[in-house]
Every structure is written in C-alpha cells, then in structure tokens.
Amino acid sequence: MIEGLRESRVSDKIALTLFLIGLYGLIAKKNLIKKVMGLNILTSGIVLFFISLGYEKGLTAPIMEKGITDVVDPLPQALMLTTIVIGVCITALALSLIVRIYRRYSSLDVKILTGEGDE
Amino acid sequence: MRRQETKIVRNVARKLFPVLVLFAFYLIIYGHISPGGGFQGGVVLGSSLILLYLSEGPERVEKKFKNSQLAILEAIGVLTFVGIGFLGIILGKHFLGNFLPIGRVGMVPSAGLVLLLNLFIGTKVGAGISLIFYALMKFDRRAQGE
Amino acid sequence: MSNFPILIVALPLCFAFFISLLSLTKLNRFCGHLALLSVGVSFVLTLCLGPRILAGEKIAYSLGNWPAPLGINLLVDGLSYLLSLIFGLLVLLSVIYSLEDHKGKYFSLVLILYAGMNGVVFTRDLFNLYVFWEILSISAYILVVSPQPASLRASLLYLFLGSLATALFLLGVGIIYALAGTFDMDALAREIPVIWRTQPLAILLVGALFLVSLGIKSGLFPMYVWVPEAHSLAPTPISVLLSGAVLKIGIYIFIRLFLTLFRTEVSLEGLILYWGLISMVFGGCLALVQEDLKRMLAYSSINQVGLILIGIGLGTKLGMEGSLYHLFNHALIKGSLFFSAGMIIESTGKRRIRELKGNGIVPFFPRFSFLMGALAIIGVPPLNGFISKWLICRAAVERGNLIVAALILIFGIVAAVYYLKVVQNLFSVAKMCQTEKRQSSSIPWIKYTCLGTLLGGSLVFGLLPSQGLYLIREAVALIFP
C-alpha cells in the first residue's frame, strides 16, 4: 500500500494544474456555461489525482487470477466512478437550470446570480 | 423542425446500435471479472440510445422508447437494487449481504450478488443517462419552436 | 434492532424511487402520504434506538458483513443520534406541511435528502460521507427551485458554491488517502497522529481544505453568499430544512472530523472562536438592514451558526454542551419561525417587512408563533433559546473571555431589534387597510400542527432544560470523555 505521500509524479502536477484551471474558470469566468465547464475541469483534476494514487508502474489490473501477485490499488478507481457519476448529475442539473435561466433573463452573464435586474 | 441527418449517418448509426447494446451487456455481465461493470455498461447502453436519437431525430425514437417507460425502468432498477439489499436482511444476513453461491473464480455466473446488482445498476444508468439527454434535448426543441 | 441503522437510511431511499414510480401513474395524489409514512417509520426507528444510545451504547453496522477497514461501516453514537433526531423531526414536519401544496417528484427528492442526511451522520467511511453529502446537496439544489423565477438563479448559485465545497472536500479526502491508505475513520484516528509527526504540512493542507469546504456549506462569514438567496427563495418547508438541517451538516462534519478524529496538536480553537464571532457579528448586522422577511431570517441563521461555532471554539465541556444544545434549539426555533413566516407570506402575499404593517388579514396563530419564535431566538427566559445562550455565555465567562460573552449579549439585543421590528409590524392595529381587507386564503389546520409541535418543543425544552441536556449528554461525552 501507499506509505506516506510518495514523491510527486507528473500526473499529480497535471492534476493540480487542472484543478487550478477549473477553479479559475469557476471563479473568474463571466459566462455561466463556462463556469460549468470550470466545474467539470476541476472535478477531472480530482479524478486524475485519485487515479494516479492507485497507479503504480509495472503492476497489473486487480483481477485475481493465477500467477498474478502485484496488483494496483483498485479502490481509488472504484471511488472515482462515483465521483464521475456525481459530476454528470451536477452538470446535467446545472445545464438545465441555465437553460431555464436563459429563457427568463435572456442572458448568460454572471450578474444574474447576484440578483441584478430582478423584479 | 430539426434538419434530417444524411443517409450515411443514419445507416451507420442504425448498424452500430445493436453492436453497442451487445457491448453494453458484455460490459455489464463480465463486470465482476474484467474491466467494466454496471455503470460503464449502463453508460454505453445510454449512449447507444443517444446515438439513435441524434441520427434519427427525436420523434421516431420516442415512438419506440417512450420517456415514461424509461423512467419506469430507471425506478425499477434502483428499487430492485435496494430490494436485493433488504432480501439480504430477510435471509438472515446483513444489508446487501451475499446469499447466492459464490461460484468459481473467473466464471461468469460467479461472485454471488455482484452480477445481479451490476445488471440492475446497468439498467438504471442506461435509462437515466438517456433520460437526462432527452430532457436537455427537449429544452432545445422547445427553444427552437418559440 | 441491529439492522436499524441501515433501515433508517435505506427505507426513505427505497420509498423515494417507489414514489417516483407512483408519480407516473394515476395514484399521483398519494405520493405525499407515502412519503409521510416512510419518514414516519424512519423517525420511529430512530426513536427506538434512543434508549440504548442514551444509555451510552454505540450501535455499529457493517454493510454486507464486511469488517471495518474493508467495508463501509455505519455507527450510531450520541452525536449522530442527536443530529438524526433533528433531521427526522424537521423532515417529518416539512412533509406534513407540504402535503397540500406539492406532489409527485418533490416528495421523492425530500426523501432522498432525508436519506442523505442520515447517511452523512451515520457513516464511518470518509468517502462514503462525501457521497451521502453530495446526494443530499444535489437534492437540496433541486428543491430550492420554487415557482418564483428568481429561485432558479438561487439554486444555480447554491449549486456552484456547493459543488466547489464538496470538490475541495474530496481533494482533502484524496490527500488523506494518499497519506494513510484508508478511509475508515477509526483507522484514521489512529493513523493521523503518526503521520502528523512526519508530514505536518500535508495534514494542515487537508485541514484547510476541509475548513473552507465546511465554511461554505454551513454559511460562515466570507462564504455565506448562497444562504440568504437559497433560504429566502426556496419553498417554505425547504427553507426550514435548509436552515434547520442542511446548515447543521457542516457543523456536524466539523465536530466529527476535527474534534473526534483529528486530535492533532494544532489547536483550532482560536480560529473557530474568531470565525464564529465574525460570522455572528456580520450576520446580525446584515439582518438589521434586510427588508425581506425570509431573507432576514436567513441572515439570522448565519448569526446563530456563528454562535454555535463560538461555543465549540471555547473548547470547554460547558461550551460544547451549549453549542450542541443551541444546535438542537436553533433547529426547533428556526423551523417555527420559517413556518410562520411562510404562512404569513402565504396569507398576505407580501414578503417585505414594511408592507406587513397594519395588515389585519394575517391569522392570529402565525403572528403569535412568530412572536414566540422571536422571543426564543433572542433568548427570553422561559424558552429554550435562553438556556443554550446562557450556557455558551457562562462558558465564555469561565474561560475568562468576557469580550465574547459581552458580544453574545449585545447581539442578543441586536436580534431583539430586528425581530421585534417585524413583530411590531405584525401586531400593529389595522387602520387604513380595512377597506382593502380581502378574504384571506385559509390555511389548512394540518399546517398549524407543524407549527404547534415546534413551539411546544421550544417551550418544553426551555422549561425542562435537563431533558434536553440529557439528549446531548452522550454527544458531549464523545468529545470530552
């Protein structure tokens, strides 16, 4: 198993970069759809981080057949499936809300969220 | 009205559809002994419907796969899953406790409940994904109609 | 009996999907009753666990009979029992309140919310906690949407902030897994002090991620933006649930993770104390200037959550007692306040505090219950808010932190100002409105029972504080053995 935080890999750096890009998109972008994209990128950064936790070079898939001794840690992969499902749900919900917001306000600008032009 | 897709796209999609469904069920059924599983298979199942939807247009697909039927399928998938969990309690084991024979490692009907659970998860996910897609497409259609 | 923990979580989940199936058929109108039945059964099961939990027992359950580090474990102890009790009560009353107004899918979402809440407080697995948290959040995002068009943007705002919070939490969980190789809380409680010695920075990073995420979810000072939007625009029963239960989830996870799990040498008490203080001051000040009735209640929630954090941040047993008791009391009081505000808005059609003036058409009972709720939350003696505020104040004085005690008292007075402003408007005699007095839409009696239950609870737990303190004794014993 993993002993302590192992030395950082390229995948960790990519994951961190993705996470930060997503965070930037979520916070700084003015367009609501772009914000949803930012959220998705952020989630994929986390997914990549988890997957790379379980990955170890030279190990095989965790299917217990004869002659296989070293397998990767299957847990992070299984868990990331759940995260991906949740990501799909959140994206679908956000997009459908945005469609309805667009119909009401005819704009995708973030100013809508703070209630400008309401009532 | 949506633009009709070209004949090539429609033919390829129609030929691809059964293969995709087969692949989805392969992923679901072999999920416990190889890469794959309920969710992955379910997504492929859902995307096969989405492919049909994109190429044939919504009206024709909805005649075959009604939204309400998909919703029922989705609910039944979860209900059976939780029901199997409760069955574990009734049979004297824990929630989701295994009450089927485990079988030999590497065979297809093995690993007790997992195959059964994968099957229902696959149904639910397939129906759910295509329902989400339908709902978003409907928004689009209504917006165009306005 | 041993299967109760999973039944409490899984039964509402099962019924939720059954209801969504039912809503497609002609039996659509029975959805609410079925939801009521399932929440009722779940709540009764929770109550049945009561005697054993309050006697100091912990009830563990492993899913699929997989033992602790491998499988997912549920554990009901004093703290989770207290929270589960609050959730059960509030969800039950909300379902009763919305029986007439909503149908179909709404109830199925409320049930999923309920299952998620119970799952969060029962689970012992960190990732499972994240999943349940996400389940309850997603259903909360959807439930915020009401017929008011502005609620769409409130829901989207809540969704963006909430997903950011859970994403940060997930990143923290990932780093913990990289460090410790397990998600099981009992194993982590042993592992983390060991890791702390070699890699303090990583643990601090995780702590910071968790704190930010919990801060967003429980509406603390800089991240409170979604609270007033979502609380004021959601349907009334959902406002009750958001304020009484969903905000409390953040506090629960905080207590669970930082006070019973990570007992590191770094003391968070100062941070929590001042964070709570700022939140309280800020929420109280902003509540003063609000014009919308429900929005004012939402800012008052920020104020009260700050107060709860202050009690935790004092770091004494008495402070924790006061905090947990206030958590319980705030759920009762805010429930009754939001219910009565909902009824007032429903019967007058007016949301602004100023417009409520001299309105003869508000029925007496919502006005009266709003007055009682206001008195309780200000902290007037015979009601329950007084007891918990007094406990927190005394804890602050015992710690020698007189400024904190003084601020709590001052913000009690500020609360009095903004609540009594509404009460004054509600009770002022109708003069000019006589002519435009229209037939008030009658409120079904079943809604009064919800209000009555919560008010009765406030009175009982105010007059007999020993009963309430008995409820939280086990929870406090968990943290200060």
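Since the structure is predicted, the reported quantities are computational estimates derived from the model, not experimental observations.

Caption draft 1: Local environment of the interface of chain C and chain A. Contact with chain C, which involves 28 residues of that partner, is made by 31 residues of chain A. Elements with a minimum of two residues in the side of chain C that touches chain A: α5 (126–143) and α6 (150–180) of chain C. The element that contributes the greatest number of residues to the side of chain C that touches chain A is α6(C), accounting for 17 residues. Across the side of chain C that touches chain A, the residue classes break down as 20 nonpolar, six polar and two charged.

Caption draft 2: Expanded view of the confidence of the model for chain A. Residue and element names in this part refer to chain A. Residues at a pLDDT of 70 or more form 82% of chain A, whose mean pLDDT is 81. The lowest-confidence element of chain A is helix α3 (residues 75–105), averaging 88 in pLDDT; the highest-confidence one is helix α2 (residues 32–54), averaging 91. Taken together, the stretch residues 1–5 has pLDDT below 50 and engages in 12 contacts with residues farther than four places along the chain or on a different chain.

Caption draft 3: Representation of the domain arrangement of chain C in the model. Residue and element names in this part refer to chain C. Per the domain assignment, the segments of chain C are domain 1 (1–124), domain 2 (148–265) and domain 3 (267–481). Taking the mean C-alpha position of each, domain 1 and domain 2 sit 22 Å from one another. Each partner contributes to the interface: domain 1 provides 16 residues, whereas domain 2 provides 16 residues. Top contributing element to the side of domain 1 that touches domain 2 by residue count: helix α3 (residues 78–98), with nine residues. Of the residues belonging to the side of domain 1 that touches domain 2, the class tally is 13 nonpolar, two polar and one charged.

Caption draft 4: Highlighting the packing of α3(C) against helix α4 (residues 105–122) of chain C. All names here are of chain C. Close contact between α3 and α4 brings their axes to 9 Å; oriented N to C, the two are set at 175 degrees. By the criterion of interaxial angle, the relationship of α3 to α4 is roughly antiparallel. Of α4, the residues touching α3 (which contributes Ser80, Leu83, Ser84, Phe87, Val91, Ser94, Val95 and Ser98) are Tyr106, Phe107, Val110, Tyr114, Met117, Asn118, Val121 and Phe122. For the contact of α3 with α4, a count of residues per class yields 11 nonpolar, five polar and no charged.

Caption draft 5: Examining unusual backbone geometry more closely. Residue and element names in this part refer to chain A. Notably, Ser106 is not glycine yet its phi reads approximately 55 degrees, a positive angle. Along the polypeptide, Ser106 turns up in the segment after α3. Residue class for Ser106 comes out exposed when judged on the 8 C-beta atoms lying within 10 Å of it.

Caption draft 6: Spatial organisation of helix α10 (residues 236–259) of chain C. Taking 1.5 Å as the rise per residue, α10(C) with 24 residues should run 34 Å; its terminal C-alpha atoms sit 33 Å apart, in good agreement. In the structure, α10(C) departs most strongly from a straight axis at Leu242(C), where the bend amounts to approximately 40 degrees.

Caption draft 7: Examining the interface of chain B and chain C more closely. In this complex, chain B contributes 15 residues to the contact, which on the side of chain C involves 14 residues. When its residues are assigned to classes, the side of chain B that touches chain C shows nine nonpolar, five polar and one charged.

Caption draft 8: Spatial organisation of α5(C). Over its 18 residues, α5(C) extends 26 Å from the first C-alpha to the last, a length consistent with the 26 Å expected when each residue adds 1.5 Å. For α5(C), a buried count of 17 out of 18 residues is recorded, marking the element as mostly surrounded by other parts of the structure.

Caption draft 9: Quick peek at the environment of Val61(B). All names here are of chain B. Considering the arrangement of structural elements, one finds Val61 in helix α3 (residues 58–64). Given 19 C-beta atoms within a 10 Å radius, Val61 is considered partly exposed. In this structure, the C-alpha to C-alpha distance between Val61 and Ile50, residues 11 residues apart in sequence, is 9.5 Å. Contact partners of Val61, with chain neighbours within four places excluded, come to Leu52, Tyr53 and Glu56.

Caption draft 10: Focus on the environment of Lys248(C). Residue and element names in this part refer to chain C. Turning to its location among the elements, Lys248 is positioned in helix α10. Look at Lys248 and you get buried, because 24 C-beta atoms sit within 10 Å. The spacing of Lys248 and Val110 is 138 residues in sequence and 17 Å in space, taken between C-alpha atoms. Contacts of Lys248, omitting those with residues within four sequence positions, involve Leu83, Ile86, Leu327 and Ala331.

What counts as what
Chains are numbered independently. Their residues run from 1 in the order of the written sequence. Both sets of labels track the order of writing: A upward for chains, 1 upward for ligands. Note on the predicted model: pLDDT of at least 70 is required for a residue's local features to be given, and 80 or more for side-chain atom pairs to be given and counted; whole-chain, interface and lining totals, by contrast, use all residues. With C-beta atoms placed from the backbone, a contact is any residue pair whose C-beta atoms sit within 7 Å. Segments assigned H or I by DSSP are reported as helices when at least four residues long, segments assigned E as strands when at least two residues long, and all are numbered from the N terminus. In the scheme used here, Gly and all other residues not listed as nonpolar or charged are polar, with Ala, Val, Leu, Ile, Met, Phe, Trp, Tyr, Cys and Pro taken as nonpolar and Asp, Glu, Lys and Arg as charged. Confidence scores per residue from the predictor, reported as pLDDT, run from 0 to 100. Residue ranges assigned to the domains are those given by an automatic or database domain assignment. Helix axes use the C-alpha atoms of the stretch in contact, all axes being lines fitted to C-alpha atoms, and the angles between their N-to-C directions lie in the range 0 to 180 degrees. Angles below 35 degrees are treated as roughly parallel, those above 145 as roughly antiparallel, those between 65 and 115 as roughly perpendicular, and all remaining angles as oblique. Residues are called buried when their C-beta atom has 20 or more other C-beta atoms within 10 Å, exposed when it has 12 or fewer, and partly exposed otherwise; all C-beta atoms are positioned from the backbone. Multiplying 1.5 Å by the residue count of a helix minus one yields the expected span of that helix. A residue's bend is given by the angle between axes fitted to the 7 residues ending at it and the 7 residues starting at it.

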